[in-house]
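Here are the chains, one letter per residue:
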Amino acid sequence: MARNKEAMIFLIDVGPSMHSVLPEVGKLIFAKSDLVGIVLFGTKDTNNELEKEVGGYEHVFVLRDIGVVDEADLETLNLPRGTFPGDFLDAIVVGMDMLIKKFNPKEKLKKCLHLITNAQCATKEPYEGTKVDQAVTIAHQMNAQGISLNCLIFREKLWGVENQQVIDENDKLLNQFSQQAVANIVHVDSTTSLLGAIKARRINPVTIFRGDLELSSTMKIKVWVYKKTAEEKFPTLKKYSDEAPTRDKYATHEVKVDFEYKIMEDPDKIVPPEQRIKGYRYGPQVVPISASEWEAAKVKLKKSVKLLGFTKASNISRHYYMKDVNIFIPEPGNTKAIIAVSALARAMQEKNRSAILRCVWREGQGKVVVGVLTPNLSSVDKIPDSFYFNVLPFAEDVREFQFPSLSKFSSCQPDEKQQEAADDFVKMLDLTSSNRKELLQPEYTPNPVLAQFYRFLDLKSKDPGSDIPELDNSLKKIAEPDFDILSRNKSITNHFEKQFELKENSKKRKLSRHAWRGKPSVSDEKEVGKEGEVPETQSASLVKALPSTNVEKIGDLNPVQDFEAMMKRRDSSKWTSKAIKEMKSYIIYLLENSFEGHSYQKAIECLIALREGCILEQEPREFNDFLLDMCKKWSKTDLADFLSLMPSKNITLISKIEAADSDLTEAAAKNFPATFNESPD
Amino acid sequence: MDLDPEGIFRDDSDSDAEFHEEKEATKDLAVYLIDASPKMFAPVTAPDNAENGTYFHVVIDCISQSLKSQIINRLNDEVALCFFNTKEKKNLQDLNGVYVFNVEERDFLDQPTAKLIKEFSSIENIFMNNIGSRYGILPGSRDNSLYNALWVAQALLRKGSAKTASKRILIFTNEDDPFGSMTGAIKADMIRTTLQRAEDAKDLGISLELLPLGSLDEEFNLSKFYAEMIGLEGDELVQYLPSANEKLMDMKDQLRKRIFNKRKVRTLTFSIINGISIQVNTYALIRPTLPGATIWLDSVTNLPLKIEKSLICADTGALIEGRPKLFHSYKNQRVLFSVDQISEIKKVSNYHLRLLGFKPIDCLKDYHNLRPSTFIFPTDEEIIGSTRIFIALYRSMLHLKRFALAFYGSSSSSRLVALVAQDEIVNSGGQLEPAGMHMIYLPYSDDIRDAEQYHISVDAAVPRASDDQIQKASALMKQINLENFSVLQFANPALQRHYGLLQVLALDEDEMPDFKDETLPDEKGLARRTVFHALEDFKVAVYGQNHDQEETEHMAAKASGSEATRKRKMIANKATGESAKYDWEDLAENGKLKDLTVVELKFYLTAHNLPVTGKKDALISRILTHMGK
């Protein structure tokens, strides 16, 4: 069956207020063989037929006339930046005109306008009547021509008051379309959502089932079942062969996969296909069953969707939903079905009930599905009420493991303060604050992996040597917590951190670092290093040193705290010298095991702590000698770059002013390591 | 030999496999020690006396059930069935009072076979004659059947290394004081040696589990002996004690649940905020059970086949070694990727699980679902304090009615997930829902379809049900009410049949076992008068009085009246007429069919109601087949 073709015209606002998001808009991807046209508005130049024929319609620029997308056209749009405020009504009229001129009204074709704008600029006053009249006229015309409209309205933050009036007026105009014509308006308020709302691929709807929803043998409702969600898989890549000689222009470079079936004991013998039989495992036994035997034993069920009954919605926990979700809509155009579904759905919603169904989607299949039907009441006048359908597990699919009750871990119960900190934390990290739209709503959140892939694909097609692009900010927001929220509520997060203590279990094997500390993500802290390498910069870990009196060693986790704790110990004077000694060897260990400078940051921290400690305890020599030793040892090695780093971090020798025992003047101390290099002893 | 031939064709087969299967790196070796003393043959005291059966029966029933699910789900697990306090003895050590039950072609500790399950489930009929029951610890004798049983079990579990297998001894008994009949020094000595035996087993990495059977008037008292043997203290003791076993069914449920060893899928690091990461274990509580993997066999010898996959260059026919590069067609060119680049693209985040924020629970819609959920439970094994943070957040989420949104990144898939706190639900049959969090995999915008809008009405608003109609629907709902519906109540009919068939073939049985599809609606219930009336009322309310009649008329009109059918009929008539002009027999005999045009050939096909698709050759062969040539 030939699929329904779709003709689309994208009307893209490129006016000044849209400039910031144009790179995102440019990532539209079209399906092959769709009919696509692109119209820009808010441009400096004007290029459209209406302007030539009747005048007006300035700053509307037809970038691409309607035509079939062939692969060469699949370029990421490079949108010019317009300089005029865009008038979306003009753009709609131009787009409509293009569709009307191009297609015979009898042609079976879905016609659709996609408007992408922020609708922040005033539309022009019409020659006659009001703006609303004009919008209604256009809407009626669209209806008559069977053209639908999709608006994607992007508003990042609210603008000044003077603009508010225009915005309200524009919203009113756009609402005329959704009332009078087939129109769908989506508001988004972040670039992440914008990316999500621009869907990469349009899917041709195919029903899973058309037929009766049987409440009983006498009462049936005609329904169609579609998929509501379905995982969009990573594209299947083909294997490439570079065996063919380069001059062979007609080489397919494809790879064939060949399978050979051999007897395990006798690998030289190949078994032909007709001699193979499928074996089914049953415990250690393998039962051979031929395809025909199998076919004969198989049950063939009648296609049907039957009601088993209604039950309290709370009887079915959310986590029992097994698969992607289907939607049951009443047979289109069938008023009786629409009303019957509406009555059931509304009654279920009101009484908080769900329906349990038994479904066999296709005639003769052996598989039965039991699932739950939940109401989906429509808020739009033009869309009938419907049901969502989720598959439930069978008894065999559930593993009833027993877990100890959380309240029985007497040693792990949070105390009141901790619980309060957790409550505050949960409230603070709310993604649905009142003045914004819900953040990271699945409906408007794109798949970052797919987005990355298509971006990389485009880059590679232009330059085969290009590297994988970094996640841009709009995608990063999907994988990382929102920095704004966290930094705005620093006190709550800090309090939360302080309340809880985490400790490595010493009995267990040493963990690789990444397993337990916040590992920096590749994207934001590239310089820090790869996992598994010795130290890291992030000292903001929750790990608190053991009570200071007990510290006897400088550990790898919190060397600075350990050092400070040891220096503070007063029970014996040996601790000070031990701390200094250990810190020195730790720093040397850090640097000597450093890979491409990954541990420099930590070493600097330790060095600063050591310097402060030595000043405090009036041991300047310990520090000065150590520093000079380091210079002597490393000035000619690849660690020289660490030495050059020190002045910028204010690590100098300790001068007389800081500690009386030092024999260096301030100037001499500051000059380090330059002094040292000039006059090597 | 586990190769699934279909699996190889999938490009990234590992991703799905990883998701559906728990890592089977560790297999479970279990010895079931079943007390067969006369006390076990006492009837379970049920208050209503409606149910009866002995303790022994309960145990046999539960074990048979768990074996049946094990043979389907857990192919590699091995099990030994061992009775103690028996008259006869059968064990490698030749110890008194211990009988290891087995069937042919099977080691004592081995995978369960169809035959084992069959014979074990009917063992009660022959038990008294063949094995016999008697107390194994009696005054005047130095026999210690419990000690012997532990010894036998431990010897059986010598198999397999402790690294790759989890080893368990499960003791089923209703005797809380096994040495009650003994006195004095002999008693103390017996207790000491038995405890020592248990200790030895534990040192070898074997875990001891007790499945106590209590009764209403006599609670199973762990502190008499078993607490010390298993090594329970304080808190644990409370967890261990089963709730009062009031009903036989409940007792069975509890036993059955405890027989399974819970297996984690993996341990995840859950980053709460920068610098705080806790650890959680994930468990696959709900996964579709599929008919087991198939293996290709040589039909002559029934020997398993090995599948060898080789990559061949389509241009030169050369064998390709190593992993070839991948390409994707884009803008008329082939864009090449290395395998490493693809895996780098897929790795969006370095974190296993990273908290993004919280949302009210009603933001989680019914259609925000893609896969079965995963259960997460905290662990302090590597980071002490994880459980405390987890519990604090879990309580806040329950109390504030929020779920957590997090980003879940693995090598094969990166998804937004909702973490929904689950309160513990307990009834007399034990734990129904464990406390913890369920991880629900959310769709991205790419995965959500706006199916509602496919058929958006062009003109006026669509009709909605009136209050009266809604009320009739409510009345109907009240009539067809499944009060105690539980998702566990249906067995998968397709799977049951599949394994029923395998069992018949594996055991060479003749008859297909009777098979009931539990998922069919209750026709009798629906025919009840009140239900019938509610249905009729609703039908009249939404469809009007004469619906059935209208429907028949409509169907009739459709059958004759529609333009398409009329057209089709016309063509068929014409084709029959045209077809009659040819002498098909003759044409076919003389091989002249190929001289006709495709249009002419189609006359015959249409006239005889055959498919008209395909190339000319296909059409000719179809005609010949139809004529029986």
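Quick note: structure is the one above.
On a predicted model such as this, the values are computed, not experimentally measured, just so you know. (Residues numbered from 1 in each chain as written. Chains lettered and ligands numbered in written order. Predicted model: local features only at pLDDT ≥ 70, side-chain atom pairs only at ≥ 80, totals over all residues. Heavy atoms only, no water.)

**Brief notes about the sheet that holds strand β11 (residues 276-282) of chain A**
Either a parallel or an antiparallel arrangement is found when strands of a sheet pair, and the pairing is made through backbone hydrogen bonds.
1) Next: The sheet built from three strands is open, its strands ordered β12(A)-β11(A)-β8(B) with antiparallel pairing. Of all strands in the sheet, those bounded by a partner on one side alone are β12 (285-289) of chain A together with β8 (294-298) of chain B. Neighbour-to-neighbour, the strand axes of this sheet turn through a mean angle of 45°, independent of strand direction.
2) Next: As paired strands, β11(A) and β12(A) are joined by five bridges and run antiparallel to one another. Within β12(A), the residue paired with Arg281(A) across the bridge is Val286(A). (Pairing = 2+ DSSP bridges. Helix = DSSP H or I, 4+ residues; strand = E, 2+ residues; numbered from the N terminus. Axes fitted to C-alpha atoms, helices over the stretch in contact; angles between N-to-C directions.)

**Here we look at the interface of chain B and chain A**
The figure often quoted for interface size is the accessible area lost as the parts come together.
1) Next: Each partner contributes to the interface: chain B provides 211 residues, whereas chain A provides 214 residues.
2) Next: Together, the buried faces of chain B and chain A total about 21000 Å²; carbon and sulfur atoms form 62% of this surface.
3) Next: Counting every contact that joins chain B to chain A gives four salt bridges.
4) Next: Inspection of the chain B/chain A interface yields 57 residue pairs in polar contact (both at pLDDT 80 or more).
5) Next: Sorting elements by how many residues they give to the side of chain B that touches chain A places helix α12 (residues 386-400) of chain B first, with 13 residues.
6) Next: Here the side of chain B that touches chain A is composed, by residue class, of 110 nonpolar, 51 polar and 50 charged.
7) Next: Relative to β8(B), β11(A) is paired through five bridges, and the arrangement is antiparallel. Each residue of the ladder has a partner; that of Arg276(A), found in β8(B), is Asp298(B). (Contact = heavy atoms within 4.5 Å. Buried area = accessible area lost by both parts, 1.4 Å probe. Salt bridge = Lys/Arg side-chain N within 4 Å of Asp/Glu carboxyl O. Polar contact = N/O pair within 3.5 Å; in protein donor to acceptor, adjacent residues only side chain to side chain. Nonpolar A, V, L, I, M, F, W, Y, C, P; charged D, E, K, R; others polar.)

**Some points on the state of the cysteines**
All names here are of chain A.
1) Next: Following the criterion strictly, the structure yields zero disulfides over all chains and no others.
2) Next: Cys-151 forms no disulfide, and the closest cysteine sulfur to it belongs to Cys-112, at a distance of 9.6 Å.
3) Next: What makes Cys-151 buried here is its relative accessible area of 4%.
4) Next: Left unpaired, Cys-614 is separated from the closest cysteine sulfur, that of Cys-606, by 13 Å.
5) Next: Overall, Cys-614 belongs to the buried group, its relative accessible area being 1%. (Disulfide = S-S within 2.5 Å. Buried < 20%, exposed > 50% of the residue type's maximum accessible area, 1.4 Å probe, protein only.)

**What about the pattern of salt bridges?**
Residues and elements named next belong to chain B.
1) Next: By the definition in use, this model includes 22 salt bridges over all chains.
2) Next: We note a salt bridge from Glu-119 to Lys-115, for which the minimum N-O separation is 4.0 Å. Residue Glu-119 and its partner Lys-115 are located together in helix α4 (residues 114-121), separated by four residues, close to a single helical turn.
3) Next: Assessed through its relative accessible area of 30%, Lys-115 is described here as partly exposed.
4) Next: Measuring nitrogen to oxygen at the nearest pair gives 3.9 Å for the salt bridge that ties Lys-202 to Glu-199. Here the residue Lys-202 and the residue Glu-199 both occupy positions in helix α7 (residues 184-203), the gap between them amounting to three residues, near one helical turn.

Distances and angles like these do not, on their own, reveal function.
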